Structure formats: structure tokens, C-alpha cells
Amino acid sequence: MTSGTAGNDDLLERVLAGDHRALARTISRIEDRAPGYRELVAGLYDHAGTADVIGITGSPGAGKSTLVDKLAETYREQGKTVGIVAIDPASPFTGGSVLGDRIRMASTVGDMDVFVRSMSARGALGGLSAATTEAVTAMDAFGKDVVIVETVGAGQNEIDVVKAADTVAVLVPPGSGDSVQTLKAGILEIADVFVVNKADREGSDRTVRELREMIELGEDGPDASPDAGDLEERGGWSPPIVETVATEGEGVADLMVAFDDHQRHLAESGDGARQARRRHAEQIRTLLREDVHGLLEEELAARGGVEEFAEAVRRGERDPYAVVEELLEPLERRLAEREAGSPEPPR
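Position numbers for residues count from 1 along each chain, tracking the sequence in the order it is written. Side-chain atom pairs in this predicted model are given and counted only at pLDDT of 80 or more, local residue features only at pLDDT of at least 70, and totals for whole chains, interfaces and linings cover all residues. Hydrogens and waters are ignored; side-chain quantities use all the structure's heavy atoms.

*Asks:* Looking at this model, I keep getting lost on unusual backbone geometry. Mind explaining?
*Replies:* Positive phi, close to 55 degrees, is recorded for Arg33, a residue that is not glycine. Numbering of helices and strands runs from the N terminus; a helix is a DSSP stretch of H or I covering at least four residues, while a strand is a stretch of E covering at least two. Here Arg33 shows up in the loop between helix H2 (20-32) and helix H3 (37-45). Positive phi outside glycine occurs at Lys198, with the angle close to 60 degrees. Among the residues examined, Lys198 registers a relative accessible area of 22% and is labelled partly exposed. Three exposure classes are used, based on accessible area relative to the maximum for each residue type with a 1.4 Å probe and protein chains only: buried under 20%, partly exposed in between, and exposed over 50%.

Structure representation (C-alpha cells):
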């Protein structure tokens, strides 16, 4: 047994035994893509699958972090343990997280049964790094009852949150008619619950009304989209609208009821299994992209690095398309050779 494997086994045992330091170290290894991290995550899979995973997304300033803080506090009052993955914007200098959410979530500071991990978006589409799903798996296997994923709030690309969550809440600030209109372009299809936070402010009634009209149009209007509002596609689920004032804790209990209702719907309709297959398929694609990218980087380095090719393009000696074709050719050749040498699949 190698020292790396032994180290993974020890870390895995400590995570399963409820060691929060081991959980933090595991997520660090996942985020850093440290050697042996895949074997570690693979060992966690047998122990995951029981946590309710909730995604919180929406525009900047909608109050996501305050709401997540209040949700965690209320879940703890119910005796449930909570894990929070707070996706922060990546630092342009280090690539690391700015850790803002760790500062803003004050109500549960010191409560070891609320584990908060800020992770860097690292420029990933939708603000979610490839490590997010694996971090959720680690918290799930650890034994957290609820895992909340909060995104940076970078707009429409937040649809990536569905890759990690069972139930997605989209926050919409009140009095923002234009913002509600832009939701039609892509956010509607991921919202299992709409939340009008800061509902004590002027314009909240109008925002609720516009959201309701948008949902109804998505379900049966002339411009309905199969992705946006097909009740059959959603297993018959129509997103409720919940009003909250997170700073005061108002509406948080109602929101948690909506989450429970959706979890029950997932189980009873079979939609939960479909979502799980979609998440696993996306993770397989992500791992394939990582591995192929690594192979191409190795090929690129062996041929002198990208700067040498870029300089050749600048001098007019090459074009980018020819460069890419040249780099892909060895990989395509190896795949073709493997296919040619493989036995005929059984009939």
C-alpha cells in the first residue's frame, strides 16, 4: 500500500467519524485537485446520498448570504446539521476565494454543526468550480443533514447550480421589473422555488405578481418553452413564490416548508432519480474534460508550449485552427488505434 493510499484511507475514516478538520482537509484536496483526490472522493460515494442539497442563487444584492445564514440557524433549531458551500468570486491575483460569505454568516459562528466552506469560482461558468459537486459529496458523506450551495450571483449563468442541488431557490429583489423579465432568458427553468427577499420593501407585491404571470406563461402560454415551464418535464411541479425578510427571519419557515414539499415531490414523482442521473452524467463529462485537457496540455508542453505556437501565429506562419488540429491528431490517432484493436462487442 502506498503512503498516498494509506493517507486517503486515514482521511476517509476520520471524515466518516465526524472529524471536521478531516472534512476541511478533504475539501482542500478536492479543490486543489491534489494527487489521489479522486480515490478519496470515490470512497465517499458509498456513504453519500442522504443529505438534502439546496441551491441558493439570484442576482447580486438579493440577500442570498443573509438568507442562507437564517436557514442554517433555523435548521439547527430543528436539530439538523448543516453544510454550506459558499461560492465566492475568484481573486484575479491568486485564483483563491475572497471568503466574503464566511464573514457575512454571523448567526452560526462557533456552531460546529454548521460547517461553512468558501470556495473559489475559478472562472467557472455559472460561478461553480468543478469541485463543487465533490465538496457536496464530502459533506453528505460526513453526515450533514442539509447541504446548501450559495452561488456568487453572476446572472443567467447561475444555471450551473443545478448540477449540485436537488432543490434550487432563485432570489429576486423587489421592485425590479427588468430583472424579472431577464429571468425568462434562462433562470425560470432551474427555479424550483422563487424567493422575493426583502419583501418589506416597496415593489414586492408587483414583483410577486410579475413572477406569477411569468410562471403561468411558461406553463401554458403561447411562448411556452419545454425547458422553462413544461409541467410534465418538471414532473408536475409548479414553482411556488415565497416572500421573506431574511434580516428579520420572516418567511424562512415558509421557505423551508416549500423545500420539504419539493423534496417530497422528487421522491414521489420519480423526478429525483432523473435529476440524479443528470448530475452524474454532468460529472462524468466534467471529469472527461479535465482528463482530456490534461492530455492536451502535456502534448502542448512536449511541443514547446503555447507561447511558441502563438508566436508562429503572430508571424503569420500558422493559424490557430491548424495548431489545434496538429495537437489533437496524436490523441485521435491513439483512439482510432484502440478502437481498431478492440474485440467486437458482444451481441
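*Asks:* I would appreciate a short explanation of the pairing of strand S2 (residues 82-88) in the present structure.
*Replies:* Look at any regular strand and the pattern is simple: side chains alternate between the two faces of the sheet. Burial of S2 is extensive: 7 of the 7 residues sit out of reach of the surface. Strand pairing follows a simple DSSP-based rule, namely that at least 2 bridges must link the two strands. Relative to strand S3 (residues 114-120), S2 is paired through 7 bridges, and the arrangement is parallel. Its bridge partner lying in S3, Ala86 is registered against Ser118. Relative to strand S4 (residues 146-150), S2 runs parallel, the two sharing 5 bridges. Across the sheet, residue Ala86 finds its bridge partner in S4, namely Glu150.

*Asks:* Can you help me understand the pattern of salt bridges in this one?
*Replies:* Note that side chains of opposite charge can pair when their charged atoms are close. A pair is scored as a salt bridge if a Lys or Arg side-chain nitrogen falls within 4 Å of a carboxyl oxygen belonging to Asp or Glu. Within the structure shown, the criterion is met by 22 salt bridges. Between Arg14 and Asp19 there is a salt bridge, and its shortest N-O distance comes to 3.2 Å. Looking at Arg14, the relative accessible area reads 27%, which means it is partly exposed. Here the salt bridges do not stand alone but share partners, grouping Arg33, Arg38, Glu134, Glu290 and Asp291 into one network.

*Asks:* Is there a simple way to think about the side chain of Thr74 in this case?
*Replies:* Tracing the backbone through its elements, the reader meets Thr74 in helix H4 (residues 64-77). Here a polar contact is taken to be a pair of N or O atoms separated by no more than 3.5 Å, where protein atoms must pair a possible hydrogen donor with a possible acceptor and residues adjacent in sequence count only if both atoms sit in side chains. A polar contact of 2.8 Å, which involves the side chain of Thr74, links it to the backbone oxygen of Lys70. The contacts of Thr74, once residues within four sequence positions are left out, are Val252 and Met256. Here, two residues are considered to be in contact whenever any of their heavy atoms come within 4.5 Å of each other.

*Asks:* Which parts of the structure should I look at to understand the packing of helix H11 (residues 271-302) against helix H13 (residues 320-341)?
*Replies:* Relative placement of two packed helices is described by the angle separating their axes and the distance separating the axes. Fitting a line to C-alpha atoms yields each axis, with helices limited to the stretch in contact; the angle taken between N-to-C directions then spans 0 to 180 degrees. Viewed as axis vectors pointing N to C, H11 and H13 meet at an angle of 125 degrees, and their least axial separation amounts to 9 Å. When the axis of H11 is compared with that of H13, the two are oblique. Crossing geometry of H11 relative to H13 is assigned as right-handed. Residues Val292, Leu295, Leu296, Glu299 and Leu300 of H11 lie in contact with H13, whose contacting residues are Leu327, Leu328, Pro330, Leu331 and Arg334. We call Asp, Glu, Lys and Arg charged. Ala, Val, Leu, Ile, Met, Phe, Trp, Tyr, Cys and Pro are nonpolar, and the rest, Gly among them, are polar. Along the lines of polarity and charge, the residues of the contact of H11 with H13 split into 8 nonpolar, no polar and 2 charged. The scheme is simple: roughly parallel for angles under 35 degrees, roughly antiparallel for over 145, roughly perpendicular for 65 to 115, oblique for anything else. Should the near helix be turned anticlockwise from the far one by less than a right angle, the crossing is termed left-handed; should it be turned clockwise, right-handed.

*Asks:* Which parts of the structure should I look at to understand the environment of Ile190?
*Replies:* Mapped onto the elements, Ile190 comes out in the loop between helix H7 (177-183) and strand S6 (193-196). In this structure, the C-alpha to C-alpha distance between Ile190 and Val161, residues 29 residues apart in sequence, is 8.5 Å.

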